Structure formats: structure tokens, C-alpha cells
Amino acid sequence: DSASAAELIALLSSIAHIPIRQDRAITGSINQLGQIQAIGGVNEKIDGFFAVCKERGLTGEQGVIIPHSNQRHLMLNEHVLKAVKDGKFHIWSVKSLDEAIPLLTGVLPGEPQPDGSYPVGCFHSAVVNRLNEYNRAVLAATKSTNKITETEEKTNKTEPEGNNSNA
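Residues numbered from 1 in each chain as written. Predicted model: local features only at pLDDT ≥ 70, side-chain atom pairs only at ≥ 80, totals over all residues. Heavy atoms only, no water.

**Remarks on the packing of aromatic side chains**
By convention here, two paired aromatic rings are described through the distance between centres and the angle between planes.
Then step 1. Here the structure, examined in full by the defined rule, presents two aromatic pairs.
Then step 2. Aromatic pair Phe49 and Phe89: ring centres 6.4 Å apart, planes at 45°, arrangement tilted. In this pair, Phe49 is assigned in helix α2 (residues 42–56) and Phe89 in the loop between α3 (78–85) and β5 (90–94), connecting sequence segments 40 residues apart. Exposure class is identical for Phe49 and Phe89. Each is buried. (Phe/Tyr/Trp six-rings, centres within 6.5 Å; stacked < 30°, edge-to-face > 60°. Helix = DSSP H or I, 4+ residues; strand = E, 2+ residues; numbered from the N terminus. Buried < 20%, exposed > 50% of the residue type's maximum accessible area, 1.4 Å probe, protein only.)

What follows is the structure in C-alpha cells.
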């Protein structure tokens, strides 16, 4: 459950063809409204990702995105606290997937327009556009399959019964 936010953004990123930053981690469960919910072990998850980043060299861009509701549970070790204070590591807290999207992709999520569309260039627009492409491809394949089926049905009706061409 605590990986559901990461799983969803990975799926949406793949659909939209918008890459996710590899120097940032996210933890949190997500509900059907896109709200990021509290998880267990937040301190251990931050410590673990920090250790990996420190081993590879802190760049000042790395960090962990956590549920806002987990902020009150933070009890980080002194090495993490110093790196955060020095701007070498970050901890961001978010309430929704839309708050996490720009931190992970550098692309704004976008707000729905009155007609239900999204502004060109935003994350959600890219997702919707790709899903529409998939939909068109499925519809085209379905039409093609239906035409083949109709042709086969017509052919079967015109062949005389009992005609066995393999005999």
C-alpha cells in the first residue's frame, strides 16, 4: 500500500512518455481522490534512500516525497537533518498526487478547463492525449476485426453445405 503513489505515478509517466527523476523517491498510499495518505516506517524509508544517495554522492537535488500527514512522525538521524539543513538533501511533504507530479517530473500537472480538457504541455494533458491515442487504435483494430468477421460470415453463407474442400 505504501508504494501505491509511486506505482501510479510510474504508470502515468509511462503512458504520458514523461520520465520520472531518478534522484527522488516517493512513498505514500493513494486514495481514489488522488490524496496521498500516511504510511508506516517513514523514518526508515527516508534513512534508506538518504544512505543510497550519500553513497553515490549528494548533489543537492536528491530527496524523498512523503505524505503530509507523516510530517509529525519524523524523527530523523543527525546525518539526514544536517544534509537537509545544508540543502544537500530534501524532504518534501505532499497532500495530493498533483503536488508530487512536478517534483518527480518537472512538469506541472495542469488544471482541468471548463470543457474538461487540460492545457497543452501539462502532465495530465499528455496522459489524456496518449489514452485517446490508445482508444483510437483499439477502435480501429475493432473495426478491422469486425470487417474480417463480416467477410468470413458472408463467405461461409455462400459456400454450399457439405462442401469439404479438404477431402
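Continuing now.
**Description of the nonpolar core**
Then step 1. Ile65 and Phe123 are the most contacted members of the largest nonpolar core, which has 21 residues in total.
Then step 2. Elements with a contribution of two residues or more to this core: α1 (4–16), β5, α4 (97–105) and α5 (123–158).
Then step 3. Residues Ile39, Phe49, Ile66 and Ala83 belong to the second largest nonpolar core, which totals 13 residues. (Core = buried A, V, L, I, M, F, W, Y, C linked by side-chain atoms within 4.5 Å.)

**What about the side chain of Ser125?**
Then step 1. Topologically, Ser125 is positioned in helix α5.
Then step 2. On the accessibility criterion, Ser125 (8% relative accessible area) is buried.
Then step 3. Setting aside its immediate chain neighbours within four residues, Ser125 contacts Tyr118, Pro119 and Val120. (Contact = heavy atoms within 4.5 Å.)

**Focus on the packing of α1 against α4**
Then step 1. Following both chains from N to C, one finds α1 and α4 inclined at 60°, their axes separated by 11 Å at the closest point. In terms of their interaxial angle, α1 and α4 are classed as oblique. You can see that α1 and α4 cross each other, and the crossing is right-handed. On α4, the residues touching Ala5, Leu8, Ile9 and Leu12 of α1 are Leu97, Ile101 and Leu104.
Then step 2. For the contact of α1 with α4, a count of residues per class yields seven nonpolar, no polar and no charged. (Axes fitted to C-alpha atoms, helices over the stretch in contact; angles between N-to-C directions. Parallel < 35°, antiparallel > 145°, perpendicular 65-115°, else oblique. Left-handed = near helix turned anticlockwise from the far one by under 90°. Nonpolar A, V, L, I, M, F, W, Y, C, P; charged D, E, K, R; others polar.)

**Some thoughts on the environment of Gly48**
Then step 1. The topology assignment puts Gly48 in helix α2.
Then step 2. Residue Gly48 is classed as partly exposed on the basis of its relative accessible area, which comes to 36%.
Then step 3. Taking the C-alpha atoms as reference points, Gly48 and His90, 42 residues apart in sequence, are found 14 Å from one another.

**Details of the sheet that holds strand β4 (residues 63–67)**
Then step 1. Ordered in space as β1-β4-β5, the three strands form an open sheet in which the pairing is parallel. One side of each edge strand has no neighbouring strand; the edge strands of this open sheet are β1 (24–26) and β5. Neighbouring strand axes in the sheet, compared pairwise and without regard to direction, differ in orientation by 20° on average.
Then step 2. Here β4 pairs with β5 via five bridges, running parallel. Paired with Val64 across the bridge in β5 is Ile91. (Pairing = 2+ DSSP bridges.)

**Some details on α3**
Then step 1. Looking at where α3 begins, the residue whose side-chain oxygen comes 2.8 Å from the main-chain nitrogen of His79 is Asn77.
Then step 2. The first or second residue beyond α3 is Gly87, which carries a positive phi of 75°. (Polar contact = N/O pair within 3.5 Å; in protein donor to acceptor, adjacent residues only side chain to side chain.)

**Structural notes on the side chain of Thr105**
Then step 1. Along the chain, the position of Thr105 falls in helix α4.
Then step 2. Polar side-chain contacts of Thr105 include one of 2.7 Å to the backbone oxygen of Ile101.
Then step 3. Of note is the side chain of Thr105, whose polar atom sits 3.1 Å from the backbone nitrogen of Val107.
Then step 4. Thr105 has contacts with Ile18, Pro19 and Phe123, leaving out every residue within four places of it along the chain.

**As for α4**
Then step 1. Those residues of α4 that sit buried are Leu97, Ala100, Ile101, Leu103, Leu104 and Thr105.
Then step 2. One or two positions beyond α4, positive phi appears at Gly106, with a value near 80°.

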